[in-house]
Structure formats: structure tokens, C-alpha cells
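Chain by chain, the residues:
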Amino acid sequence: MNESIVKKLSALYTTSKRQNKTNDFLNVLIIPDTHDSPTIPSDRFKWIGKCIDYFLPDEVIHIGDLITFDSLCWHIGNETMAGKNKGTFTEDIEHCDKSLDLMFQHMKKYRLLKRNFHLCLGNHENRLFKFEDKNPEIYKLMQKEFFNLLSRYNISWSMYGDFIMRKGVGFTHIPFNGRGKEFSGVNAERSSGQQCNMDLVFGHTHRFNYVTVPKIGGNDHQNILNVGTALPDGHVENYAKIGMTGWCYGVALIRLFDKHIQDVYYISMKTLEKLFR
């Protein structure tokens, strides 16, 4: 998406907002998995903040995995060399604080409008709850630190696996199947769409995909949107470097009405950097 298209898109959204006197539709900017970490630069948070102030959506929803929490990763044992380099919980929180501060510094118009910023907690935030469950002596101490961080920026949140509903469309980090497992794989969007009775927006797989799943009867269907990731362009986490990725980097601007996702515009991380650095 080049600069001229972004300007036309902004004009379209500004004009349509003035015409939306009955609040029939909702414009939402979706931030996919950012995976904030002390080992990853924070400059993309500045670009995203500027993008939010440019479009002034009705709401911002972060789809989850705001922070990686490598310090709480149980896949890497503390006794290993890699484990000794995981960093600390405090370092993770402090770096995320700096990244959020950078983003919110560039959201002045959006903040003045007092519009909502919501976080759907992801599996990486869920590391915190699992860690405390295994270490009951510190139960809720880490939660307090994390939720205090979100509260400082007036970020509302929903728990991992829960849905928030906007105009009849569901938002969650990743939907779960009947066995209590995350929908995953190359057909995650179509598989979840076949099982649900509403349009869905989620992340988790880091692959942007927008599919329409038909249902029997009339023109019934569900629109399923996977919003990719907001990691730096081309960045691949260590665990994925030996397999296929196809990761997509950017943010999504969507419009909701009539209980469906009606419009989807994907703005790549490269475009964000070019226009908002």
C-alpha cells in the first residue's frame, strides 16, 4: 500500500465517519502479535502510534502476544546455556513499558478522543499465569505488575481464549476447538470458520489470511480474518527458523457492520516505516 493509497483511504474513512450518524459501522485498527522483548527494537511501536493518530479508528484492538515473556518460557530449561540468557521478568516488563510509552506518545489525538484500546491476552501472556500456578508462593504478584502496566495506559483486556464482541464480530488471540486446543496449521481460518456462527478476527500464527467460509442456506457465510504479526519486517523467532514461516508483518484496518467484517485494509510494516518513521 503506497502513500497515495493511504491518503485516499484516510479520506474515505474520515468522510464515512461523518456520514455514520446512526453508528451503523465500526472502524477498528488491529495490532497483531508484537512480541515485545528486550532483544527486539521498539521503533515499530512509534510507527503504529502515528498510524493510529492518522486514521483515528473508533477502537484499537491488540490481538495478543503484546509481550513475549521469554523470562517465563518453560520450553527452555534454566539450567541450559540458552536458559541462562532468557533475561528476567522485570526486564521484560520494563522494556514493554518503554515500548508502550513510545507508542502512546504518538497517539495524542486518539487519546484526547478517549477511545478504547483493548488487549486480547495471548498464549505468551498466558505464560505468566502458568508460571504463577506452578509457583504458588508468588501467586498474583506477577499478575499485579503486568496489569498495573496495562492500567497505566488505560488498556482494557480480556483473558486468553475469551472473545470480545464488536458489532456481532468476535475477537480473540486464537479460537479453541472442541478438544480445548488452539486451531492451528495452514487451514486454521477455514477450520475455525466451519465451526463458528460469527465472523472471527484472530492472530497467533503470524500469517495474514482473509477467507470467506460459506454455510448452507441462502447467502449465509462467515468471514475469518487472521491479522499476521507486528514484529519487525522479516524478523523470525528462533523457534520457527527451521520451518516454513510465510509470516506477514503489519497492521489491519477493518470496518464492521451488519454483523460482518465488511472491509479489510492491510498496511505492511514496510509501509508503516516509510510513512510514519
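Anyway, here's the lowdown on the structure attached to this text.

1. Quick word on the sheet that holds strand β9 (residues 221-227)
Next up, step 1: Taken in spatial order, the five strands of this open sheet run β5-β6-β7-β9-β8, and their pairing is mixed. For this open sheet the edge positions go to β5 (164-166) and β8 (208-214), each flanked by a neighbour on one side alone. Ignoring which end each strand starts from, the neighbouring axes of this sheet average 20 degrees apart.
Next up, step 2: Contacting β7 (200-202), β8 and β9, helix α8 (residues 188-195) crosses the sheet at an angle of about 35 degrees to β8.

2. Examining helix α6 (residues 123-134)
Next up, step 1: In this model α6 runs 16 Å from its N-terminal to its C-terminal C-alpha over 12 residues, within 8% of the 16 Å that 1.5 Å per residue would give.
Next up, step 2: Of all the residues in α6, the buried ones are His 124, Glu 125, Asn 126, Arg 127, Leu 128, Phe 129 and Glu 132.
Next up, step 3: Here the buried face of α6 lies against α4 (89-105) and α7 (141-152).

3. Quick notes on the packing of aromatic side chains
Next up, step 1: With the rule as written, the count across this model stands at 12 aromatic pairs.
Next up, step 2: On the basis of an interplanar angle of 50 degrees and a centroid distance of 5.5 Å, the ring pair of Phe 146 and Phe 147 is categorised as tilted.
Next up, step 3: Measuring from centroid to centroid gives 4.3 Å for Phe 208 and Tyr 266, while their planes differ by 40 degrees, and the two rings are tilted. Pair noted here: Phe 208 is in strand β8 and Tyr 266 is in strand β11 (residues 260-268), with a separation of 58 residues, a long-range link.
Next up, step 4: Using a relative accessible area of 27% as the deciding quantity, one classes Phe 208 as partly exposed.
Next up, step 5: Counting every residue linked through ring pairs, the aromatic cluster contains Phe 69, Phe 89, Phe 129, Phe 146, Phe 147 and Trp 157.

4. Brief notes about the pattern of salt bridges
Next up, step 1: For the coordinates displayed, the defined rule picks out three salt bridges.
Next up, step 2: For Arg 166, the salt bridge is made with Glu 59, and the minimal N-O distance between the two is 2.7 Å. A residue pair is termed long-range when its members are at least 10 positions apart, and Arg 166 in strand β5 and Glu 59 in strand β2 (residues 59-62) qualify at 107 residues.
Next up, step 3: On the basis of relative accessible area, Glu 59 is assigned to the buried category, the value being 5%.

Procedures and definitions
Residues numbered from 1 in each chain as written. Predicted model: local features only at pLDDT ≥ 70, side-chain atom pairs only at ≥ 80, totals over all residues. Heavy atoms only, no water. Pairing = 2+ DSSP bridges. Helix = DSSP H or I, 4+ residues; strand = E, 2+ residues; numbered from the N terminus. Axes fitted to C-alpha atoms, helices over the stretch in contact; angles between N-to-C directions. Contact = heavy atoms within 4.5 Å. Expected span 1.5 Å × (residues − 1). Buried < 20%, exposed > 50% of the residue type's maximum accessible area, 1.4 Å probe, protein only. Phe/Tyr/Trp six-rings, centres within 6.5 Å; stacked < 30°, edge-to-face > 60°. Salt bridge = Lys/Arg side-chain N within 4 Å of Asp/Glu carboxyl O.

None of this, on its own, says anything about what the molecule does.
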